[in-house]
Amino acid sequence: MCHLTDVPAPKQPLLHDVHVLYHLAFTSQFESMSKTEVEKVILLLSVIIASFTQLNLAQLAQMGFPRSVVSQLPGWGILFFLMGQEVAMIHKTLYDWLCEEYWDHNLDSGHLHLAQYLNKGRSTPTPYCLQYLLEHLGCCEANSARDVILDKLVVDLTFLAEVVRAGYGSRAVNSLSNMAGSHTDLSEDVLNWLMHDVHRL
């Protein structure tokens with residue numbers, strides 16, 4: 001006679017097993033898509049990972065990712081899903097796996113895409129723009145697209161004053177400081193000025 005206590009407990013999945021499942025879900029999805037579709041979804045994933053908060057469908061649509069693209073995320077409805085109007089991930093292990101094991105080399109494009117989107121609304125900035133636009137630029141590798149935005153941003157005293165009034169002056173200085181070695185001449189001059197006179201804005 002078999003007792004319930006004789007039945008071995010189910011094996012708890014190891015982190016490696018979870019990563020294998022993530023890999024299978026991504027591989028299966030990408031194999032069913034065209035090259036252009038895969039590239040679009042890869043950029044979308046880069047934006048989602050690079051963002052410092054969850055993004056909603058309206059924001060993603062404004063960045064060129066309509067609902068039809070969002071629904072092509074691997075494991076849509078399970079690994080990625082809507083929480084209200086925001087795109088969420090099933091678990092932190094998925095985020096960690098994407099950052100550390102799978103997507104690290106694509107984060108630069110995500111930060112640049114977000115910076116370009118935020119820069120378009122710089123004249124009427126959202127709280128996210130005030131807090132993170134400079135930080136996204138700081139996370140990008142130096143290139144002509146980043147430098148064009150950076151040079152216009154650091155001489156926009158109205159925007160910088162709003163950043164300071166919102167309480168993000170120190171964060172802005174830190175973001176510029178972290179660009180060591182990848183500054184433009186103009187952004188380096190502005191950093192030196194901000195470090196001494198940010199309180200005057």
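Shown above is the structure to which this text applies.
Since the structure is predicted, the reported quantities are computational estimates derived from the model, not experimental observations. (Residues numbered from 1 in each chain as written. Predicted model: local features only at pLDDT ≥ 70, side-chain atom pairs only at ≥ 80, totals over all residues. Heavy atoms only, no water.)

Enquirer: Outline the environment of F65, listing residues and values.
Expert: Note on placement: F65 falls in the loop between α3 (57-62) and α4 (67-70). Setting aside residues up to four positions removed in sequence, F65 forms contacts with K40, L43, L44, V47, L60, V70 and H113. (Helix = DSSP H or I, 4+ residues; strand = E, 2+ residues; numbered from the N terminus. Contact = heavy atoms within 4.5 Å.)

Enquirer: Describe the packing of helix α6 (residues 107-120) against helix α7 (residues 127-139), and please don't skip the residues or the numbers.
Expert: Put simply, α6 and α7 touch, their axes get as near as 9 Å, and they point 140° apart. Classified by the angle their axes make, α6 and α7 are oblique. Handedness of the α6/α7 crossing: left-handed. Judged by residue contacts, D108, H111, L114, A115, L118 and N119 of α6 engage Y128, C129, L133, H136, L137 and C139 from α7. When its residues are assigned to classes, the contact of α6 with α7 shows eight nonpolar, three polar and one charged. (Axes fitted to C-alpha atoms, helices over the stretch in contact; angles between N-to-C directions. Parallel < 35°, antiparallel > 145°, perpendicular 65-115°, else oblique. Left-handed = near helix turned anticlockwise from the far one by under 90°. Nonpolar A, V, L, I, M, F, W, Y, C, P; charged D, E, K, R; others polar.)

Enquirer: Could you give an account of the packing of aromatic side chains, with specific residues and numbers?
Expert: Any two aromatic rings considered together are summarised by their centre-to-centre distance and by the angle between their planes. Counted according to the given criterion, the structure contains six aromatic pairs. Considering the side-chain rings of F26 and W97, the 5.2 Å spacing of their centres and the 70° angle between planes classify their relative orientation as edge-to-face. One end of the pair, F26, is in helix α1 (residues 15-31); the other, W97, is in helix α5 (residues 92-102), with 71 residues separating them in the sequence. Accessibility expressed as a relative area gives 0% for F26, which makes it buried. Here the aromatic cluster, defined as three or more aromatic residues joined through ring pairs, consists of Y22, F26, F30, F80 and W97. (Phe/Tyr/Trp six-rings, centres within 6.5 Å; stacked < 30°, edge-to-face > 60°. Buried < 20%, exposed > 50% of the residue type's maximum accessible area, 1.4 Å probe, protein only.)

Enquirer: Tell me about the nonpolar core, and please be specific about residues and values.
Expert: Side chains of a nonpolar character, in soluble globular proteins, are inclined to be buried together. Core analysis: the biggest nonpolar cluster contains 30 residues, and F26, L44, L60, L73, F80, L94 and L98 have the highest contact counts within it. When contributions to this core are tallied by element, the ones reaching two or more residues are α1, α2 (35-50), α3, α4, β2 (86-89), α5 and α6. For this core, the element with the highest residue contribution is α2, accounting for eight residues. Apart from residues no more than four positions distant in its own chain, L60 is found in contact with L44, V47, L55, F65, V70 and V87. Grouped together as the second largest cluster of nonpolar side chains are 22 residues, L118, Y128, L134 and A172 included. (Core = buried A, V, L, I, M, F, W, Y, C linked by side-chain atoms within 4.5 Å.)

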